[in-house]
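Given next are the chains, with one letter for each unit.
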Amino acid sequence: MKKLLIPIALLMLSLNCYAETFVCSSIINGSLDSLKYQRQGNSFLQSREGWDLKFQIPIYDDSADSLVLLSKNIPGLGVEAIFIDKNTMDYSHGFISAKGDTPTHGKCSVIY
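Figured I'd write up the structure that's included with this text. (Residues numbered from 1 in each chain as written. Predicted model: local features only at pLDDT ≥ 70, side-chain atom pairs only at ≥ 80, totals over all residues. Heavy atoms only, no water.)

**Examining the nonpolar core**
- Membership of the largest hydrophobic core comes to 13 residues, with the highest contact counts inside it found for Phe-22, Tyr-37, Ile-84 and Tyr-91.
- Taken together, the elements giving at least two residues each to this core come down to strand E1 (21–28), strand E2 (31–40), strand E5 (66–74) and strand E6 (78–85). (Core = buried A, V, L, I, M, F, W, Y, C linked by side-chain atoms within 4.5 Å. Buried < 20%, exposed > 50% of the residue type's maximum accessible area, 1.4 Å probe, protein only. Helix = DSSP H or I, 4+ residues; strand = E, 2+ residues; numbered from the N terminus.)

Below is the structure:
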């Protein structure tokens with residue numbers, strides 16, 4: 001039994017090392033706004049502190065330098081776009097629509 005515990009513990013530890021979770025913050029209307037993006041396979045789960053809603057957002061581009069997430073069209077807002085520069089941890093978030101876009105900019109940190 002002890003022989004099984006060590007490989008299982010190592011496997012659990014190694015799986016956690018590959019999970020990406022970004023906490024990204026920006027200032028909106030004078031208030032700090034933070035969103036959490038947690039990798040789940042080929043998408044990210046977007047959540048906000050204090051909200052019960054969570055959204056699954058597919059990955060559009062995931063390279064060594066950047067991460068781009070695009071969600072479906074949200075009526076009245078447009079297409080949600082998220083960009084994270086993995087080197088500088090710069091962050092942009094906004095909605096793209098025919099009326100124009102509404103980007104916010106901030107910084108991210110990686111948590112495990």
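**Topic: the state of the cysteines**
- For the structure shown, the criterion picks out 1 disulfide.
- What pairs with Cys-24 in a disulfide is Cys-108, and their sulfur atoms sit 1.9 Å apart. Looking down the S-S bond of the Cys-24 and Cys-108 bridge, the torsion is 105°, so its handedness is right-handed. Taken as a pair, Cys-24 in strand E1 and Cys-108 in strand E9 (residues 104–111) lie far apart in primary sequence, 84 residues in all.
- Overall, Cys-24 belongs to the buried group, its relative accessible area being 0%.
- Residue classification places Cys-108 among the buried residues on the basis of a relative accessible area of 9%. (Disulfide = S-S within 2.5 Å.)

**A few points about the pattern of salt bridges**
- On inspection of all chains with the given rule, the structure shows 6 salt bridges.
- Notably, a salt bridge pairs Lys-86 with Asp-62, separated by 2.6 Å at the nearest N-O pair. Taken together, the positions of Lys-86 in the loop between E6 and strand E7 (90–97) and Asp-62 in strand E4 (residues 54–62) put the pair 24 residues apart, joining distant regions of the chain.
- On the basis of relative accessible area, Asp-62 is assigned to the partly exposed category, the value being 34%.
- Residue Lys-107 is joined to Asp-90 by a salt bridge in which the shortest nitrogen-to-oxygen separation is 2.7 Å. Highlighted residues: Lys-107 in strand E9 and Asp-90 in strand E7, separated in sequence by 17 residues.
- Residue Lys-107 is classed as partly exposed on the basis of its relative accessible area of 48%.
- Among the charged side chains, a network of salt bridges with common partners joins Glu-20, Arg-39, Asp-62 and Lys-86. (Salt bridge = Lys/Arg side-chain N within 4 Å of Asp/Glu carboxyl O.)

Function cannot be inferred from these measures alone, as they are strictly geometric.
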